[in-house]
Amino acid sequence: MAVKKSVVELLKFAMVLEVAFGVVSLFLALALSAAAVYLLTYLFGPIGGAVFAALSAAYIAIGYSTAFFAYRAIKRPELVKPSTAILWSKAALIAAAVSALSANLPYAASSALLALALYLYAKELAKSSA
Amino acid sequence: MLGGCVSSSLSAARPPLVFYGSSNLLAGRFLHLHAGEGLSEFGAPTPEAVEYCIGAGRYAEKLDPPYTLKELLAVLPEGLREKAENSVCLHRAFYLSRVDPRPLRRAKIYVDDPLLLFALEPYTPAYAVGISGGKRRDVKCGADPPTPPQLAEAEARVTTPEEFVDFLYTKDIFKQLLNLLLVLKLIWRLRRVL
């Protein structure tokens, strides 16, 4: 399958950005959730804290797993299907929306860029397999 | 007398609707839909279409739309693979599965190509005579001869692979936005109640 080189480059760029801002956001989320977990545990017991900790872990995991998918698309493009590229693009879009809602703009921008890159990648796959 | 038996049973449902079968079961205005020539290896044929062409519908159920012929071949058992690879019907089903349902939003549609019926079925309620199985509603008619239908000829637009990806992508996002709107509306209502 011949995917346009510029799309792969964009995917690479978005992936690197996602990972970099993902680490920054991880620390941010850790700091934030440490405070929130303390408060929630104080008010509602350990379960309240655990729920918030799980939510913030899921938030980082969505963005990060899209980065892993992008890495796979770059390294082994023959394994990537158009339907999964669309799916992960939507996951990145969700991650971007959540980040934007929590005012984490760099991570939101990188997730949105990754969503765009994956979407273009899916289109390229479709074009090459028609 | 309400006219064609299909038309009288269609009036209860919401448009758009697609009907497959003999046109003398219809009465009223219908869009007679054709599709241009074309074969393809990329699209999203429904399991029913794959079942119709090569009898392997349950293997197609495992695949998420859109998929390629190569992906379908990978999930098929050894014996069916060659049959699928050479099947013109299957290539045609891939091509027709990319039919654009958007211009047909408010029409009653009559098709005489079963593959076109399978392609439109995910977007519209479908009525069929003569194809067994599936979720389609079969129509049985009485002896009354209906008035002849008015068929307006129309050519279905088949999207390119890229447009099809666009279509699938935006369709789901708009659905999500609609859900979001519903949730917001619900919250708004709850706020006023509380």
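Conventions adopted
- Residues numbered from 1 in each chain as written.
- Chains lettered and ligands numbered in written order.
- Predicted model: local features only at pLDDT ≥ 70, side-chain atom pairs only at ≥ 80, totals over all residues.
- Helix = DSSP H or I, 4+ residues; strand = E, 2+ residues; numbered from the N terminus.
- Expected span 1.5 Å × (residues − 1).
- Buried ≥ 20, exposed ≤ 12 C-beta atoms within 10 Å, placed from the backbone.
- Contact = placed C-beta atoms within 7 Å.
- pLDDT = per-residue confidence, 0-100.
- Pairing = 2+ DSSP bridges.
- Axes fitted to C-alpha atoms, helices over the stretch in contact; angles between N-to-C directions.
- Parallel < 35°, antiparallel > 145°, perpendicular 65-115°, else oblique.
- Left-handed = near helix turned anticlockwise from the far one by under 90°.
- Nonpolar A, V, L, I, M, F, W, Y, C, P; charged D, E, K, R; others polar.
- Core = buried A, V, L, I, M, F, W, Y, C linked by C-beta atoms within 7 Å.

1. Considering helix α3 (residues 82-101) of chain A
Residue and element names in this part refer to chain A.
Logical step 1: With 20 residues, α3 extends 29 Å between its outermost C-alpha atoms, agreeing within 8% with the 28 Å of an ideal straight helix rising 1.5 Å per residue.
Logical step 2: Along α3, the residues classified as buried are Pro 82, Ser 83, Ala 85, Ile 86, Trp 88, Ser 89, Ala 92, Leu 93, Ala 95, Ala 96 and Ser 99.
Logical step 3: One or two residues past the end of α3 sits Ala 103, with phi positive at roughly 60°.

2. Digging into the environment of Pro101(B)
Residue and element names in this part refer to chain B.
Logical step 1: Considering the arrangement of structural elements, one finds Pro 101 in the loop between α6 (88-96) and β5 (108-111).
Logical step 2: Sequence spacing of Pro 101 and Phe 30 is 71 residues, and the spatial spacing of their C-alpha atoms is 15 Å.
Logical step 3: What Pro 101 contacts, discounting residues up to four positions off in sequence, is Leu 120 and Tyr 123.

3. Concerning the confidence of the model for chain B
Logical step 1: Within chain B, residue pLDDT values average 81, and 86% of them lie at 70 or more.
Logical step 2: α6(B) holds the highest mean pLDDT among the elements of chain B, 90, whereas helix α1 (residues 5-10) of chain B holds the lowest, 65.

4. Notes on the sheet that holds strand β6 (residues 126-128) of chain B
Logical step 1: Spatial strand order, β7-β6-β1-β5-β2-β8 (chain B): 6 strands in an open sheet with parallel pairing. Edge positions in the open sheet fall to β7 (137-138) and β8 (150-156) of chain B, since each of these has one partner strand only.

5. Concerning the packing of helix α2 (residues 47-54) of chain B against α6(B)
For any two helices packed against each other, the geometry comes down to the angle between their axes and how far apart the axes lie.
Residue and element names in this part refer to chain B.
Logical step 1: With their axes 8 Å apart at the nearest point, α2 and α6 run at an angle of 160° to one another. What the angle tells us is that α2 and α6 run roughly antiparallel. As α2 packs across α6, the resulting crossing turns out to be right-handed. On α6, the residues that touch Ala 49, Val 50, Cys 53 and Ile 54 of α2 are Cys 89, Leu 90 and Ala 93.

6. Some thoughts on the interface of chain B and chain A
Logical step 1: Facing the 16 residues of chain B at the interface are 12 residues of chain A.
Logical step 2: Across the side of chain B that touches chain A, the residue classes tally to 9 nonpolar, 2 polar and 5 charged.

7. Considering the nonpolar core
Logical step 1: Among the nonpolar cores identified, the biggest contains 74 residues, and Leu118(A), Ile109(B) and Leu116(B) are the most heavily contacted of them.
Logical step 2: It is helix α4 (residues 105-128) of chain A that provides the largest number of residues to this core, a total of 12 residues.
Logical step 3: The contacts of Leu116(B), once residues within four sequence positions are left out, are Leu33(B), Ala35(B), Leu96(B), Val99(B), Val111(B) and Ala156(B).

8. Observations concerning the pairing of strand β2 (residues 29-35) of chain B
Residues and elements named next belong to chain B.
Logical step 1: Pairing of β2 with β8, which is carried by 7 bridges, proceeds in the parallel orientation. Bridged to Leu 33 within β8 is Ala 154.
Logical step 2: Where β2 lies against β5, 3 bridges are found, and the strand directions are parallel. Each bridged residue has a counterpart across the sheet, and for Leu 31 the counterpart in β5 is Ile 109.

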